[in-house]
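# Tertiary structure, described
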Amino acid sequence: MILDTTGAQALVRSLEEEGVEIIFGIPGGVLLPVFDVLYNSKIRKVLTRHEQGAAHAADGYARVTGRVGVCIATSGPGATNLVTGIANAYMDSVPMVAITGQVATNLIGTDAFQEADTTGITMPIVKHNYLVKDVAELPDVVQEAFYLARTGRPGPVLVDVPVDVSRGELKYHRRDEPVLRGYKPTFKGHKKQIRIAAEAIMEASSPIIYVGGGAITSHAAPEVKKLAQENDIYVTHTLMGKGIFPETHPLSVGMLGMHGTRCANYAMCETDLIIAVGARFDDRITGKLSEFAPKAKVIHIDIDPAEISKNVKAQIPIVGDAGQVLKELNAVLKEAREEAKERDHGDWNTLIEEWKEKYPLTYERGPGLKPQYVVEKIYEITGGEAIVCTEVGQNQMWAAQFYKMDRPRRFVTSGGLGTMGFGFPASIGAQLGCPEDLVFDIAGDGSFLMTMQELSTAVLENAQVKVAVLNNGYLGMVRQWQQLFYNKTYSCTCLDREKESPDLVALAEAFGAKGMRITDPDLVEPAIVEAIESECPVVMDFRVDQEENVYPMVAPGAPLYDMIGDMLYPVDKIHPEKAEEPFL
Amino acid sequence: MKHTLSVLVENKPGVLARVAELFARRGFNIDSLAVGTTQKPDISRMTIVVDVEEHSLEQVRKQLHKLVNIIEIMDLAPEVTVSREMLLVKIKVDSENRSEVIEIVDIFRGNIVDVSRDSIIVEVTGNVQKLGAFEELAKPYGIRELVRTGKVALPRGK
């Protein structure tokens, strides 16, 4: 057999054959052979300033484009720096391939320089990982990695490549299809289950569609819309599901959960049928599990069987691709509607409309600069058309509450892991993936400082991201919890913005980006306009009210009807027999 | 409740680590785990005994299924399963009680695989209850060392 290719060449060629157009990362000793080949590859190389930034950028790129994001890091510290980014992608089911260099195979296990057990460390946070010991396997492994990352329930796959494997030689051969005996995701839903689900929907008097990120992954937006409109059912979405159903649609009740709308949470308490689509009943959604949706039957549609009945028992489980299942369900429902006698959600719809009107998301407009106001203005000025990335904490919740999304893949946020510092590098990835789009990162002063060195990457790559820092001089969400649950003991949450914190405007300019400081509410609008018009990355330092809180709020461990704020759960209107009881 | 899972896995590096890690991370307790080759060199069989409630068992199975190297999982119900475990035990004996111990070993159809001046090593094969019973009977003589293989099992028929 003629050996025609080096391991490094095979790796890069495999990436090219997978259609990879961009790769985020940092080279290192054991990656020298790979970067040597990458130098002449048509794949765009984005040199980030920290490997965590590379992983988050690949993640942001993947979320907005729907393609597999690729990041690369060297052995040891390079690989361990990726870990947060990989865990983040895993929790949010983002398709990602992470390539790491490894010390030579004869040094593995000897505590060699820059050696870490990368596959061991990442095992619990990847969909799968590989340590390639035989160079001949490299093309197959890369092919399998991409296939695993993007199919079924997507997730990160890591490929660890020792330096002698990169230097080794092989006869390049690529299979037509990957061979994975133990991996066969179910795409098509069970026909009988779909019929049972349709019957339940026809019988329900107060149904609700609860939709999450899985629906975005499976391109189910048109089918979700059809299900809601044709059957007259309201829709609530998770943080990850933002944009799957237009938030400006009359049938949307907004986000549910800890900082969801009162309407959505009350609806979950009263509904008799939850149609869960690509969502996983996370604790931030259910609140106190034993009191979650006490009257509801649950239809649970998910491609991952392990999610079904994990937290909330599903009476009607359907394993399959959300888009495909909904398509069939919609067809069955169409027939059922033609045959059925009149159905009426009248009382339920009236109640929902009452809640919607009575409890809109709102805030006290004060004399100072309100963070919610900044988000509202960004929404208005961009006409809801921007891609919005967020950090984690108050900024994230305000972005979710006040930037309405009408399209999927436009809201990029760390939902499961809750990674501060995610938003900014993710926004660079998103911008490079969608160069024509306007990309905002709605940030907090705490989060932004965690990964702000990527300003260098943004400037270098001309990723004209607009960072809106809602600077309250606190780790705001933790401060809010300290205020509410720890007697206002602000332990280690103050980031003194007047004295100790860095000057964000000067910082931005030091990196070659544009910096702006806004303290006057009247200047918010012109500042945002100026930022959008600037042909460079911009950091807007909005000096917002320091102790503004995110409301409404379900305290951790509390049931959904028990929302902190002004009003308590109203006496049950649909089930008058329960009206005697104060709550449910 | 104890359940016996028979898991066919691809014989690839790290599979055992993946399975063990999954049990640890999801908080499932492994009672015993035996792994060995099958008639196909590229497939191994793990026999895992877990002590979980019905709901958790479902989670164990589903989470195991998500591991890419796992090919098949069977939940072996005791009534349709042949299961065996082997025990090696070093029992303290002297000239007075040696023949008494050998008698017990015979009743259990065990083998004496090593004899020294003051101890013998006995091999007993059987189901979990049988081994437990033998262990109880051996205890009064003094157990120096003991090891059990963990259960292996196959479904009957088919």
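Residues numbered from 1 in each chain as written. Chains lettered and ligands numbered in written order. Predicted model: local features only at pLDDT ≥ 70, side-chain atom pairs only at ≥ 80, totals over all residues.

Glancing now at the overall build of chain B. For chain B, the count of helices and strands is four helices and nine strands. Helices and strands in chain B line up, N terminus first, as β-α-β-β-α-β-β-α-β-β-α-β-β. C-alpha extents for chain B along the principal axes are approximately 55 × 35 × 35 Å. When the 158 residues of chain B are sorted by exposure, 24% land in the buried category. Taking contacts inside chain B between residues at least 6 apart in sequence as the whole, the part at least 24 apart equals 73%. (Helix = DSSP H or I, 4+ residues; strand = E, 2+ residues; numbered from the N terminus. Buried ≥ 20, exposed ≤ 12 C-beta atoms within 10 Å, placed from the backbone. Contact = placed C-beta atoms within 7 Å.)

This paragraph deals with the overall build of chain A. Scanning chain A from terminus to terminus reveals 22 helices and 22 strands. Expected size for 584 residues packed as a compact globule is a radius of gyration near 25 Å; at 25 Å, chain A falls within 12% of this value. Projected onto its principal axes, the C-alpha positions of chain A cover 80 × 65 × 40 Å. Counting over 584 residues, chain A shows a buried share of 57%. Within chain A, counting contacts between residues at least 6 apart in sequence, those at least 24 apart form 75% of the total. (Rg over C-alpha atoms; globule rule 2.2 N^0.38 Å.)

A few words on the sheet that holds strand 15 (residues 387-390) of chain A. Residue and element names in this part refer to chain A. Spatial ordering of the open sheet is given by 16-15-17-18-20-19, a layout of six strands whose pairing is parallel. Looking at which strands have only one partner, the edges of the open sheet turn out to be strand 16 (411-412) and strand 19 (514-518). Across the sheet, helix 17 (residues 423-433) touches strand 15, strand 16, strand 17 (439-444) and strand 18 (466-471), and the angle it forms with strand 17 is around 180°. Helix 22 (residues 524-533) contacts strand 18, strand 19 and strand 20 (538-543) of the sheet and is inclined by roughly 170° relative to strand 19. (Pairing = 2+ DSSP bridges. Axes fitted to C-alpha atoms, helices over the stretch in contact; angles between N-to-C directions.)

A separate point is the environment of Glu135(B). Within the element layout of this structure, Glu135(B) appears in helix 4 (residues 128-138). For the pair Glu135(B) and Asp42(B), spaced 93 residues apart in sequence, the C-alpha separation works out to 36 Å.

Let us now look at the sheet that holds strand 11 (residues 252-255) of chain A. All names here are of chain A. With respect to topology, six strands assemble into an open sheet ordered 11-10-9-12-13-14, the strand pairing being parallel. Two strands in the sheet have a free side with no partner beyond their single neighbour: strand 11 and strand 14 (316-319). Adjacent strand axes in the sheet meet at a mean angle of 15° when their direction is disregarded. Inspection of the sheet shows strand 9 (residues 207-211) paired to strand 10 (residues 234-237) by four bridges, in the parallel sense.

Take the environment of Glu16(A) next. All names here are of chain A. Within the secondary structure, Glu 16 is located in helix 1 (residues 7-17). Distance from Glu 16 to Ala 513, taken between C-alpha atoms, is 32 Å for residues 497 residues apart in sequence. Beyond its immediate stretch of four places on either side in the chain, Glu 16 contacts Ser 41 and Ile 43.

What follows deals with the nonpolar core. Ranked by size, the top nonpolar core spans 200 residues in total, and within it Val97(A), Ile209(A), Val224(A), Val277(A), Ala468(A) and Met540(A) carry the most contacts. By size, the runner-up hydrophobic cluster in this structure holds eleven residues, among which are Ile91(B), Ile120(B), Val124(B) and Ala138(B). (Core = buried A, V, L, I, M, F, W, Y, C linked by C-beta atoms within 7 Å.)

So, on to the packing of helix 1 of chain A against helix 6 (residues 138-150) of chain A. Residue and element names in this part refer to chain A. Contact pair helix 1 / helix 6: the axes reach a minimum separation of 9 Å and the direction vectors enclose 30°. Taken as axis vectors, helix 1 and helix 6 run roughly parallel relative to one another. Relative to helix 6, the crossing made by helix 1 is right-handed. Every residue of helix 6 that contacts helix 1 at Gly 7, Ala 10, Leu 11, Ser 14 and Leu 15 is listed here: Leu 138, Pro 139, Val 142 and Gln 143. Classifying every residue of the contact of helix 1 with helix 6 by side-chain character gives six nonpolar, three polar and no charged. (Parallel < 35°, antiparallel > 145°, perpendicular 65-115°, else oblique. Left-handed = near helix turned anticlockwise from the far one by under 90°. Nonpolar A, V, L, I, M, F, W, Y, C, P; charged D, E, K, R; others polar.)

To continue, consider the confidence of the model for chain B. Per-residue confidence for chain B gives a mean pLDDT of 94, with 100% of residues at or over 70. Across the interface, the model reports ipTM at 0.90; the global pTM reads 0.94. (pLDDT = per-residue confidence, 0-100.)

Here we come to helix 3 (residues 51-65) of chain A. For helix 3 of chain A, with 15 residues, the first-to-last C-alpha span of 21 Å sits near the 21 Å given by 1.5 Å per residue. Trailing helix 3 of chain A by a residue or two, Gly66(A) shows a phi angle of about 80°, which is positive. (Expected span 1.5 Å × (residues − 1).)

Sheet faces and side chains relate simply in a regular strand, where the side chains alternate between the two faces. The buried count for strand 9 of chain A comes to five of five residues, which makes it a mostly enclosed element. Taking every second residue as pointing to the same face, both faces of strand 9 of chain A are buried, with Pro207(A), Ile209(A) and Val211(A) on one and Ile208(A) and Tyr210(A) on the other.

Residue and element names in this part refer to chain A. Running from amino to carboxyl end, helix 15 (residues 371-382) crosses helix 22 at an angle of 50°, the nearest separation of the two axes being 10 Å. Classified by the interaxial angle, the pair formed by helix 15 and helix 22 is oblique. Seen from above, helix 15 lies across helix 22 with right-handed handedness. Of helix 22, the residues touching helix 15 (which contributes Tyr 373, Val 374, Lys 377, Ile 378 and Ile 381) are Val 524, Glu 525, Ile 528 and Val 529. Tallied by class, residues from the contact of helix 15 with helix 22 come to seven nonpolar, no polar and two charged.

As a further point, take unusual backbone geometry. Cis geometry marks the peptide bond from Tyr551(A) to Pro552(A), where omega comes out at -5°. Summarising the element assignment, Pro552(A) is placed in the loop between strand 20 and strand 21 (553-554).

Further remarks concern the confidence of the model for chain A. When pLDDT is averaged across chain A, the result is 94; 97% of the residues are at 70 or more. Low pLDDT, under 50, characterises residues 570-584 of chain A; the predicted model gives this stretch 16 contacts beyond four residues in sequence or across chains.

Another aspect to go through is the environment of Tyr359(A). Residue and element names in this part refer to chain A. The residue Tyr 359 is located in the loop between helix 14 (346-358) and helix 15 in this model. For Tyr 359, a count of 20 C-beta atoms within 10 Å puts it in the buried group. As a C-alpha pair, Tyr 359 and Pro 552 span 193 residues in sequence and 9.5 Å in three-dimensional space. Those residues within four positions of Tyr 359 in sequence are excluded, and the remaining contacts are Thr 261, Arg 262 and Cys 263.

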